Amino acid sequence: MDCIFCKIANGEIPVRFVYEDDLVVAFDDANPQAPVHCLVIPKKHIPTSLDLDAADNALIGHMFQTANKIARERNVADRGFRMVMNCNREAGQSVFHIHLHVLGGRLLEWPPG
Ligand code: DGP
């Protein structure tokens, strides 16, 4: 399967991991939109959030716990940060392997563009 995030997760494309365990990896976004901008991805290939099923519920919870850990480690937890998962083209999804953006370190406006 030609998926760039699968290749990152399995080490085929070398990336410095901020975090790794059996289920997920996290790394800095190549095109950061804030001083802290990490991506948390599952090792399992899931194209979009619409492809999640009940068996993935614990995995999704683990992705959010990982995002919290990164936010605390990067000192943005208390001041505020944002977790974003884009789904499909109009939302801006460009890589079709789900990923949780963890953004912080500046004032994040609402609504997003
Ligand atoms: P999205 O637009 O929500 O699908 O976000 C995809 C993000 O992935 C985008 O912010 C840029 C990032 N990205 C794409 N390819 C790579 C890569 O090879 N390395 C890293 N570190 N980030 C990537």
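Residues numbered from 1 in each chain as written. Predicted model: local features only at pLDDT ≥ 70, side-chain atom pairs only at ≥ 80, totals over all residues. Heavy atoms only, no water.

(A) Representation of the packing of aromatic side chains. Taken as a whole and judged by the stated rule, the model has 1 aromatic pair. The interplanar angle of 80° and the centroid separation of 5.6 Å between the aromatic rings of Phe 5 and Phe 27 together place this pair among those described as edge-to-face. Note that Phe 5 is positioned in helix α1 (residues 4-9) and Phe 27 in strand β2 (residues 24-28), a separation of 22 residues in sequence. Of the two residues examined, Phe 5 and Phe 27, each falls in the buried class. (Phe/Tyr/Trp six-rings, centres within 6.5 Å; stacked < 30°, edge-to-face > 60°. Helix = DSSP H or I, 4+ residues; strand = E, 2+ residues; numbered from the N terminus. Buried < 20%, exposed > 50% of the residue type's maximum accessible area, 1.4 Å probe, protein only.)

(B) Just the site of the ligand, in detail. Around the ligand, a shell composed of 15 residues is seen, among which Asp 29, Asn 86, Gly 92, Ser 94 and His 101 lie nearest. A distance of 2.8 Å separates an oxygen atom of the ligand from a polar side-chain atom of Asn 86. Contacts to the ligand include His 99, whose side-chain N or O atom sits 2.9 Å from an oxygen atom. Broken down by secondary-structure element, the contributors of at least two residues to the shell around the ligand are α1 and β2. For the shell around the ligand, the element with the most residues is α1, which contributes 3 residues. (Near = heavy atom within 4 Å. Polar contact = N/O pair within 3.5 Å; in protein donor to acceptor, adjacent residues only side chain to side chain.)

(C) The arrangement of the pattern of salt bridges in detail. The tally for this structure, following the rule as stated, stands at 6 salt bridges. A salt bridge links Arg 74 to Asp 28, with the nearest nitrogen and oxygen atoms 3.1 Å apart. Taken together, the positions of Arg 74 in the loop between α2 (57-73) and β4 (81-84) and Asp 28 in strand β2 put the pair 46 residues apart, joining distant regions of the chain. Arg 74 sits in the partly exposed class, given a relative accessible area of 27%. (Salt bridge = Lys/Arg side-chain N within 4 Å of Asp/Glu carboxyl O.)

(D) View of the pairing of strand β3 (residues 36-42). Counted residue by residue, β3 has 7 buried out of 7 residues, so it is predominantly covered. Going residue by residue along β3, you find Val 36, Cys 38, Val 40 and Pro 42 tucked away on one face and His 37, Leu 39 and Ile 41 tucked away on the opposite face as well. By the bridge criterion, 5 bridges tie β2 to β3 in an arrangement that is antiparallel. Bridge pairing in β3 links Val 25 to Ile 41. Relative to strand β5 (residues 100-104), β3 is paired through 5 bridges, and the arrangement is antiparallel. Bridge pairing in β5 links Cys 38 to Val 102. (Pairing = 2+ DSSP bridges.)

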